Number of protein chains: 2
Amino acid sequence: MATVKNRRILLARRPTAEPNESDFTFSEVELEEPQAGQMLLRTLWLSLDPYMRGRMKAEKSYAPHVELGDVMVGGTVSEVVASKIESFVPGDFVEGRTGWQEYALSDGTGLSKVDPTLAPISTALGVLGMPGRTAYFGLLSIGQPKPGETVVVSAAAGAVGAIVGQLAKIKGCQVIGIAGAPEKCDYVVNELGFDNCISHYQSNLAGALEKACPKGIDIYFENVGGKVFEAVLPLMNDFARIPLCGLIAHYNDSRLPDGPNQIPLLMRTILRRRLTVRGFISSDFAEQQASFFNDMSRWVREQQVKYREDIVDGLENTPGAFQKLFRGENFGKLLVRVGSPGSR
Amino acid sequence: MATVKNRRILLARRPTAEPNESDFTFSEVELEEPQAGQMLLRTLWLSLDPYMRGRMKAEKSYAPHVELGDVMVGGTVSEVVASKIESFVPGDFVEGRTGWQEYALSDGTGLSKVDPTLAPISTALGVLGMPGRTAYFGLLSIGQPKPGETVVVSAAAGAVGAIVGQLAKIKGCQVIGIAGAPEKCDYVVNELGFDNCISHYQSNLAGALEKACPKGIDIYFENVGGKVFEAVLPLMNDFARIPLCGLIAHYNDSRLPDGPNQIPLLMRTILRRRLTVRGFISSDFAEQQASFFNDMSRWVREQQVKYREDIVDGLENTPGAFQKLFRGENFGKLLVRVGSPGSR
């Protein structure tokens, strides 16, 4: 087998606010054929997720940041093109973290096979993958929903939020979404079965939310931060839980918002209401993966959990697509279709 | 039996900053003798605790506020003077919430008998009472200390903090206290067995704390808020826990501190470090009282848990004594000796 040309997207500089195309460079390199113990993967699907913004920063976080000049990290579903690993054969589909590029050499570390007969392979990056796990463990293990409780979820039409709301409905809760565009609110209510959805674009978010939650809020699944959090906080009931999954409103901040410093207000509310605020990422629950996959694949099969994908074609469109996340322009799980199965 | 003159301290106005004597008025009323189903209690010990500051505010909290003109609330140990309740006889000691006054009529609701042979009766307001329960459940149920972990506790010489640190030592943790005066730091290290203690008066609190916690912080037992919290936060380890017990640095605030608004920084830390922040009060754990009393009374008996009382004599000195809490001037559990057993 000859070498392949591998197009890649590298982090060229660290964005200080919203990332734009000039923060990335395209590069093409030749990949040698796999050596013993290696295989060659061709990227089919690349997942775009808010956490990637954090990896572009030099500061310390739960995972290493991307070095300048390195391929941007990202979850992918790939097809095995050539393999010198016994347990993988050409035509296999694998989920891994091979990044913003068309090909990758791998020794199999960190890869999982994807069974295309169970569900479309792209779901390994969505409802049956990291976003699904995030929703599942965040809501069920941290939120601990009880029938009749009121659950509010922000970024309700997003990859995680949409699943959170549907799981909360399965658990018998009253579910209120918060989203941006009216068509997203329509979608989560009419397609996904949320009880209500509030647009954060409206002028009186706090008032609308209070009206939508006459019994207060027992679980707030936090994806965004900012003004949505401020509107939610006064409505939290005693012993309410806040699974803290994301803060997308702040990822592009270059400085803290103006004062006053509201930390004492937040802490006083946590104390008086005896709230639990807990940050998490899906891999914190790695030991409980089996229960996730069993439950979620059944719910998807039975259409108790629906999902929507927002698909952008072509690796070259990745940087532009990534910006959609921070503008609320994606509608469903954001994916880049980098290649098609079986084609070269 | 004739009527008794009952001296009481009433809330006269709602303080907007540090409470002072003019926020209270003294009043004397005559108490009738107890009717059927009632008993007359004479206050021996009155507990002064930071939570009382919250009851002076009109705003909503976990317990009703004190109305203007009402007797200030407070935990007490009293002696039964006369009883028309079968299960209580004169000479019994009871712990209850009869407030800032010398006598009270009671139907027994909410009272517990105190056994004077187990420990000094004043401990029913301290190590064997609400502060002890607060330390016990906050550290053990929320903090979940594991041997070798680093525990930091603020207000370390206070009624709760002193117990938290000793329990953490029993659980095999490295324990660092934060207190004000040098003699308090000496006390918690030399008398109570903390591993170290940092004064929050020093100019480089963050640096001193970092040096004292080379392996980071696994549990921060929060009693104070403010600059201490700011110094602790960057040192929290992954999966660390913050039992949120009190915020005494803020109770007298009349407005929020100047900006910037640091909530995004706090939330980002909770997310990245996957922290758990949980507010609580001791009564949230009412169903587990038996385990508390068994454990704590044994530890006190075996001198594994020591306690210190800061005693002020005379009901008339209560308002002045209360101010000590907010100035860090109490040294140990703050109590007012309102009366002596058996005397009238």
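Residues numbered from 1 in each chain as written. Chains lettered and ligands numbered in written order. Predicted model: local features only at pLDDT ≥ 70, side-chain atom pairs only at ≥ 80, totals over all residues.

Colleague: Which residues make up the domain arrangement of chain A, and what are the values?
Modeller: Residues and elements named next belong to chain A. According to the domain assignment, chain A consists of domain 1 (4–126 + 308–337) and domain 2 (130–287 + 292–300). Of note, the centres of domain 1 and domain 2, computed from C-alpha atoms alone, are 28 Å apart. Counting residues at the interface gives 17 residues for domain 1 and 16 residues for domain 2. Of the residues that constitute the side of domain 1 that touches domain 2, the class distribution is seven nonpolar, six polar and four charged. (Domains from an automatic or database assignment. Contact = placed C-beta atoms within 7 Å. Nonpolar A, V, L, I, M, F, W, Y, C, P; charged D, E, K, R; others polar.)

Colleague: So, the relation of the copies chain A and chain B: which residues are in play, and what are the values?
Modeller: Related by rotation about an axis and a shift along that axis, the two copies of the chain form a pair. The two copies are related by a screw operation: chain A maps onto chain B through 180° of rotation and 0.0 Å of translation along the axis, at an RMSD of 0.0 Å. When the rotation and shift are considered jointly, the pair of chain copies conforms to a two-fold rotation axis. Looking at the interface residues of chain A, 100% of them are also at the interface in chain B, so both copies use one shared face. (Least-squares fit on C-alpha atoms with pLDDT ≥ 70 in both.)

Colleague: Requested: an account of the interface of chain A and chain B, with residues and values cited.
Modeller: Frequently, the measure chosen for interface size is the accessible area that the parts lose on association. Listed by partner, the interface residues are 33 residues for chain A and 33 residues for chain B. Of all the secondary structure elements, the ones that give two or more residues to the side of chain A that touches chain B are helix H7 (263–273) and strand S13 (276–279) of chain A. Broken down by element, the side of chain A that touches chain B gets its largest block of residues, 10 residues, from H7(A). Residue composition of the side of chain A that touches chain B, grouped by class: 17 nonpolar, eight polar and eight charged. (Helix = DSSP H or I, 4+ residues; strand = E, 2+ residues; numbered from the N terminus.)

Colleague: Which residues make up the pairing of strand S14 (residues 309–313) of chain A, and what are the values?
Modeller: Residue and element names in this part refer to chain A. Alignment of S14 against strand S15 (residues 333–337), held across five bridges, turns out to be parallel. By the bridge assignment, Glu-309 is partnered in S15 with Lys-333. With helix H9 (residues 318–327) bridging S14 and the parallel S15, this β-α-β connection has right-handed handedness. (Pairing = 2+ DSSP bridges. Right-handed = clockwise from strand over helix to strand, strands pointing away.)

Colleague: Account for the packing of helix H2 (residues 130–143) of chain A against helix H3 (residues 161–170) of chain A, with residues named and values stated.
Modeller: All names here are of chain A. Interhelical geometry of H2 versus H3 gives an angle of 45° and a closest axis separation of 9 Å. Between H2 and H3, the angle is such that the two are oblique. The chirality of how H2 crosses H3 is right-handed. Here Pro-131, Gly-132, Ala-135, Tyr-136, Gly-138, Leu-139 and Leu-140 of H2 come into contact with H3, specifically with Ile-163, Val-164, Leu-167 and Ala-168. Tallied by class, the residues present in the contact of H2 with H3 amount to nine nonpolar, two polar and no charged. (Axes fitted to C-alpha atoms, helices over the stretch in contact; angles between N-to-C directions. Parallel < 35°, antiparallel > 145°, perpendicular 65-115°, else oblique. Left-handed = near helix turned anticlockwise from the far one by under 90°.)

Colleague: Give me the lowdown on unusual backbone geometry, citing residues and values where you can.
Modeller: The linkage connecting A:Gly259 with the following residue, A:Pro260, adopts the cis geometry, with an omega of 5°. The topology assignment puts A:Pro260 in the loop between strand S12 (236–244) and H7. For B:Ala155, which is not glycine, the phi torsion reads 50° and is therefore positive. By secondary structure assignment, the location of B:Ala155 is in the loop between strand S8 (150–154) and helix H3 (161–170). Of the residues examined, B:Ala155 has 29 C-beta atoms within 10 Å and is grouped as buried. For B:Arg274, which is not glycine, the phi dihedral falls at a positive 55°. The residue B:Arg274 is located in the loop between helix H7 (263–273) and strand S13 (276–279) in this model. (Buried ≥ 20, exposed ≤ 12 C-beta atoms within 10 Å, placed from the backbone.)

Colleague: I'd like a description of the environment of B:Gly108, backed by residues and values.
Modeller: Residue and element names in this part refer to chain B. For Gly-108, the position within the fold is in the loop between strand S6 (103–106) and strand S7 (112–113). Looking at Gly-108, the number of C-beta atoms within 10 Å reads 18, which means it is partly exposed. Distance in space between the C-alpha atoms of Gly-108 and Ser-83 is 10.0 Å, their sequence separation being 25 residues. Ignoring anything within four residues of it in the chain, the contact list for Gly-108 reads Met-39, Ile-85 and Phe-88.

Colleague: Explain the confidence of the model for chain A to me, and be specific about the residues and the numbers.
Modeller: The share of residues in chain A with pLDDT of 70 or more is 99%, and the mean pLDDT across the chain is 95. ipTM for the predicted complex: 0.95, alongside a pTM of 0.95. (pLDDT = per-residue confidence, 0-100.)

Colleague: Pulling in residues and values, what's your account of the pairing of strand S9 (residues 174–179) of chain B?
Modeller: Residue and element names in this part refer to chain B. In terms of burial, S9 is largely enclosed, as six of its six residues are buried. Burial of the side chains of S9 extends over both faces: Gln-174, Ile-176 and Ile-178 are buried on one face and Val-175, Gly-177 and Ala-179 on the other. Note: S8 against S9, five bridges, orientation parallel. Paired with Val-152 across the two strands is Ile-176, which belongs to S9. As for the winding sense of the linkage, the β-α-β connection from S8 through H3 to S9 is right-handed. The pairing of S9 with strand S10 (residues 196–199) spans four bridges and is parallel. Residue pairing in the sheet places Ala-179 in a bridge with Ser-199 of S10.

Colleague: Account for the nonpolar core, with residues named and values stated.
Modeller: Core analysis: the largest hydrophobic core is formed by 208 residues, its most contacted members being A:Ala156, A:Val188, A:Val232, B:Ala156, B:Val188 and B:Val232. Each residue touching A:Ala156, except ones within four places of it in the same chain, is listed here: A:Gly161, A:Ala162, A:Gly165, A:Gly177, A:Ile178, A:Ala179, A:Val188, A:Phe194 and A:Cys197. (Core = buried A, V, L, I, M, F, W, Y, C linked by C-beta atoms within 7 Å.)

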